[in-house]
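In case you want the letters, here they are:
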Amino acid sequence: MSCGECKYFLHWACFHLPPELPSHPLHLTIDHTLTLQTPPKLDLTYCRICRSHTNGLFYKCTECSFKADIKCASLPDIIKHASHPQYHLKLLTTEITNESSYWERLCVACGRDTIFDVCYRCDICKIIMHASCVLLPATVTNPVWDKHPLPLTSDASINHPSGFYCDICEQEMNPKRSMYHCRHCDFSLHPRCFPNASGEYRNIKFGQRYTTAAHHHPLAYQLLSTKLRCDVCGKRKYHGSRGFQCHSHKCEFFMCFAPCGKRLLDSMQVVD
């Protein structure tokens, strides 16, 4: 579904999302209705379930600060996961994982604590996974690093006797934890080290182009990887931060998101 005037697009499934949820298993508060909303232009919303930001549709509680992106709001109660195909995994609320029996339980995917996180558990094997780890994409692609698609694996040690190191942060990796690994090139990386696909910015859509008075070419909203000094304020930004890069291959203009981009938000227009 699309709006020809404002360049707004929706998947057919997203178009049919209910505008209101009278209740939700992950927000069991009486008389608290969740309403479907969209964030303001280039603004981010923090999901209380996966603890990541999104610039897509989300549900917001009418009575409190609870917010959930549409993927987390649609989590099923029971799932089958590729990393644990023997048995089903059951959804656990934060009220359950906040109990003392979960204080030292570690996620089998990332190895981090699960206390007060929305998780999935196998009642047979007693393993537990964060919901955010369950939602990791099955493959990621970045031709700058590797020419092959990188599949998500939960045991990369099979037929690989040597150690594993993340090619981005260069830290040693546990082969029994979730990682993206290319066997052809022996390339590995932590999910968190690929921010726009499986890390901090995985629920944020980049690539939208805007026109602005600050530059004569359209600017693409993206993560910064090459030029890091803003051409507007002159300040240097860190690698992987948000900004606006000139869409023309012959121009290297870059404008940082904050404060320069934010000052021009009202005047920025979406390009076809």
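Residues numbered from 1 in each chain as written. Predicted model: local features only at pLDDT ≥ 70, side-chain atom pairs only at ≥ 80, totals over all residues. Heavy atoms only, no water.

Some words on the overall build of the protein chain
So the rule is basically this: Here a strand is any run of E in DSSP of at least two residues, a helix any run of H or I of at least four, and the numbering for each starts at the N terminus. Burial classification: accessible surface area is computed with a 1.4 Å probe over protein chains only, and a residue below 20% of its type maximum counts as buried, one above 50% as exposed, and the rest as partly exposed. The contact criterion used throughout is that any non-hydrogen atoms of two residues lie within 4.5 Å.
Within the protein chain, the secondary structure is distributed over 5 helices and 23 strands. C-alpha extents for the protein chain along the principal axes are approximately 60 × 55 × 35 Å. Buried residues in the protein chain amount to 42% of all 272 residues. Taking the contacts inside the protein chain whose residues are at least 6 apart along the sequence as the reference set, 46% of them involve residues at least 24 apart.

Let's talk about the packing of aromatic side chains
For clarity, the threshold we go by: A pair of Phe, Tyr and Trp rings is counted when the ring centres sit within 6.5 Å of each other, with Trp represented by its six-membered ring. The angle between the planes then sorts it: under 30 degrees is stacked, over 60 is edge-to-face, the rest tilted. The criterion is that NZ of a Lys, or CZ of an Arg, lies within 6 Å of the ring centre and within 35 degrees of the ring normal, and then a charge sits over that ring.
Tallied over the full model, the rule gives 7 aromatic pairs. Between Phe244 and Phe257 the ring centres are 6.2 Å apart and the planes differ by 20°, which places this aromatic pair in the stacked class. With a gap of 13 residues between them, Phe244 in strand E21 (residues 242-246) and Phe257 in helix H5 (residues 257-263) connect regions that are remote in the sequence. Its guanidinium or amino end placed over the ring of Phe257, Arg242 lies 4.0 Å from that ring's centre, counting from NZ or CZ.

What about the nonpolar core?
Just so we agree on the cut-off: What we call a nonpolar core is a set of buried Ala, Val, Leu, Ile, Met, Phe, Trp, Tyr and Cys residues that are connected through their side-chain atoms within 4.5 Å.
Grouped together as the largest cluster of nonpolar side chains are 30 residues, with contacts concentrated most on Ile49, Tyr59, Leu75, Val118, Tyr120 and Met129. For this core, the secondary-structure elements that each account for two or more residues are strand E7 (58-61), helix H2 (70-73), strand E10 (84-92) and helix H4 (131-134). Met129 has contacts with His81, Ser83, Leu89, Cys107, Val108, Ala109, Cys119, Tyr120 and Val134, leaving out every residue within four places of it along the chain. Membership of the second largest hydrophobic core comes to 23 residues, among which are Cys251, Phe254, Cys260 and Leu265.

As for the UniProt feature "domain: Zinc finger PHD-type" (unreviewed entry) in the protein chain
Counted only if it meets this: UniProt positions are given in the numbering used here, feature names are shortened, and annotations may be inferred rather than shown by experiment.
Under the local residue numbering, the UniProt record ascribes the feature "domain: Zinc finger PHD-type" (unreviewed entry) to residues 106-170. Across residues 106-170, helical content stands at 6% and strand content at 22%; the span's end C-alpha atoms are separated by 23 Å.

Structural notes on the UniProt feature "domain: Phorbol-ester/DAG-type" (unreviewed entry) in the protein chain
Per the UniProt annotation, the sites labelled "domain: Phorbol-ester/DAG-type" (unreviewed entry) are residues 30-81 and 143-198. Across residues 30-81 one finds 8% helix and 37% strand; the C-alpha atoms that close the span lie 32 Å apart. A distance of 16 Å separates the end C-alpha atoms of residues 143-198, which is 0% helix and 27% strand.

Quick look at the sheet that holds strand E11 (residues 119-121)
Threshold: Being paired, for any two strands, means DSSP has found at least two bridges between them. For helices, the fitted axis covers only the stretch in contact; all axes are lines through C-alpha atoms, and the angles between them, taken along N-to-C directions, range from 0 to 180 degrees.
Taken in spatial order, the 4 strands of this open sheet run E9-E10-E11-E12, and their pairing is antiparallel. The open sheet terminates on both sides in strands that have one partner only, identified here as strand E9 (78-81) and strand E12 (128-130). The average undirected angle you get between the axes of adjacent strands in this sheet is 35°.

Remarks on the sheet that holds strand E4 (residues 34-37)
Taken in spatial order, the 4 strands make up an open sheet running E3-E4-E7-E8, and their pairing is antiparallel. Looking along the sheet, the strands with just one partner apiece sit at the ends: strand E3 (20-21) and strand E8 (67-69). In this sheet, E7 lies alongside E4 in antiparallel orientation, the contact comprising 4 bridges. Paired with Leu34 across the two strands is Cys61, which belongs to E7.

Here's the deal with the pairing of E9
Only one face of E9 is buried, namely the one carrying Ile79 and His81, since none of Ile78 and Lys80 on the opposite face is buried. As paired elements, E9 and E10 share 3 bridges and run antiparallel to each other. Within the sheet, the bridge partner assigned to Ile78 lies in E10 and is Lys90. Where E9 folds back on E10, the antiparallel hairpin that results is connected by 2 residues.

Brief notes about the pairing of strand E19 (residues 209-212)
A one-sided burial pattern is seen for E19, the buried positions being Tyr210 and Thr212 and the unburied ones Arg209 and Thr211. The hairpin turn running from E19 into strand E20 (residues 215-223), its antiparallel successor, is 2 residues long.

Regarding the pattern of salt bridges
Keep this limit in mind: Salt bridges are defined by distance alone: a side-chain nitrogen of Lys or Arg within 4 Å of a carboxyl oxygen of Asp or Glu.
Counted according to the given criterion, the structure contains 5 salt bridges. For Arg121, the salt bridge goes to Asp123, with nearest N and O atoms at 2.8 Å. The shortest N-O distance in the salt bridge between Asp155 and Lys176 comes to 3.1 Å. You can see Asp155 sitting in the loop between strand E14 (150-153) and strand E15 (164-165) and its partner Lys176 sitting in the loop between strand E16 (172-173) and strand E17 (179-182), a full 21 residues away along the chain. By relative accessible area, Asp155 is classed as partly exposed at 23%.

Quick notes on the side chain of Arg202
Quick note on the threshold: Counted as positive: Lys and Arg. Counted as negative: Asp and Glu, with His and the chain ends omitted from the count.
On the secondary structure map, Arg202 appears in the loop between strand E18 (187-189) and E19. Put simply, Arg202 is tucked away with no salt bridge, and the nearest opposite charge, on Asp69, sits 7.4 Å away. Here Arg202 is in contact with Ser132, Leu135, Leu136, Pro195, Asn196 and Ala197, once residues within four sequence places are set aside.

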